[in-house]
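Observations on chain architecture
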Amino acid sequence: MRKGRLGATYRARLELDLVLAVKRVKDTNGLSKKDFIQQMQLLGKIRHDNLARFISYHCKEEKLVMYEYVPNSSNLFQLLHENRGVGKVPLDWATRLPIIKDVAKGLNFLHQYLPSHC
């Protein structure tokens, strides 16, 4: 799907047509295995309409984080940030504003729920 600062994210299709996003975490800024597990357990308790649902993690040979796959999320990134090219129309502000508000609601929730971890 995409490669970011913390590692690559992949789309995984499992049995019963379950689709997940799997982040292969490469850099945890010196976070110990114990601290990583504690962070994952905290994320597992969080539920909010504007956040992708955390599903699980794996922390053996490498660190993997599995969460809800959000269809078209990479398309949204391209519409908001990347060169749109010939024939592609950028999102207008009437479309962007509700997206911005929903992102702000999710971030606000995280800051309230995890004040010492932000």
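Further up the page is the structure itself.
Residues numbered from 1 in each chain as written. Predicted model: local features only at pLDDT ≥ 70, side-chain atom pairs only at ≥ 80, totals over all residues. Heavy atoms only, no water.

**Some details on the packing of aromatic side chains**
On inspection of all chains with the given rule, the structure shows 2 aromatic pairs. Their ring planes at 85 degrees and their centres at 6.3 Å tell us that Phe 36 and Tyr 57 sit as a pair that is edge-to-face. Of the two residues, Phe 36 is situated in helix 1 (residues 33–45) and Tyr 57 in strand 4 (residues 54–59); the sequence distance between them amounts to 21 residues. Given a relative accessible area of 3%, Phe 36 falls into the buried group. Aromatic pair Phe 109 and Tyr 113: ring centres 5.7 Å apart, planes at 15 degrees, arrangement stacked. Taken as a pair, Phe 109 and Tyr 113 lie in helix 3 (residues 93–113) at a separation of 4 residues, close to a single helical turn. Looking at Arg 11, its charged tip hangs above the ring of Tyr 69, at a distance of 5.1 Å from the centre. (Phe/Tyr/Trp six-rings, centres within 6.5 Å; stacked < 30°, edge-to-face > 60°. Helix = DSSP H or I, 4+ residues; strand = E, 2+ residues; numbered from the N terminus. Buried < 20%, exposed > 50% of the residue type's maximum accessible area, 1.4 Å probe, protein only. Lys NZ or Arg CZ within 6 Å of the ring centre and 35° of its normal.)

**Some details on a nonpolar patch on the surface**
Together, Trp 93, Leu 97 and Ile 100 make up a nonpolar patch on the protein surface, roughly 340 Å² of accessible area in all. Looking at where Leu 97 falls in the secondary structure, it is placed in helix 3. (Patch = residues over 30% accessible without salt bridge, like charges linked within 9 Å, V, L, I, M, F, W, Y side chains within 5 Å. Areas by Shrake-Rupley, 256 points an atom, 1.4 Å probe, with all protein chains shown as cover. Salt bridge = Lys/Arg side-chain N within 4 Å of Asp/Glu carboxyl O.)

**Examining the pattern of salt bridges**
Tallied over the full model, the rule gives 3 salt bridges. Residues Arg 13 and Asp 17 are paired through a salt bridge, measuring 3.4 Å at the closest nitrogen-oxygen approach. Of the two residues, Arg 13 and Asp 17, neither departs from the other in class, the shared state being exposed. The salt bridge partner of Glu 62 is Arg 24, with a shortest N-O separation of 2.6 Å. With Glu 62 in the loop between strand 4 and strand 5 (63–68) and Arg 24 in strand 3 (residues 19–25), this residue pair connects regions lying 38 residues apart in the sequence. A relative accessible area of 30% places Glu 62 in the partly exposed class. A relative accessible area of 40% places Arg 24 in the partly exposed class.

**Notes on the nonpolar core**
If you look at the biggest cluster of nonpolar residues, it comprises 6 residues: Val 25, Phe 36, Met 40, Phe 54, Cys 59 and Val 65. Broken down by secondary-structure element, the contributors of at least two residues to this core are helix 1 and strand 4. Beyond its immediate chain neighbours, meaning those up to four positions away, Val 65 contacts Ala 21, Val 22, Lys 23, Val 25, Phe 36, Met 40, Phe 54, Ser 56 and Tyr 57. (Core = buried A, V, L, I, M, F, W, Y, C linked by side-chain atoms within 4.5 Å. Contact = heavy atoms within 4.5 Å.)

**Some points on the side chain of Thr 9**
Tracing the chain through its elements places Thr 9 in strand 2 (residues 7–13). Looking at Thr 9, its side chain comes within polar contact range of the side chain of Lys 23, at 2.9 Å. (Polar contact = N/O pair within 3.5 Å; in protein donor to acceptor, adjacent residues only side chain to side chain.)

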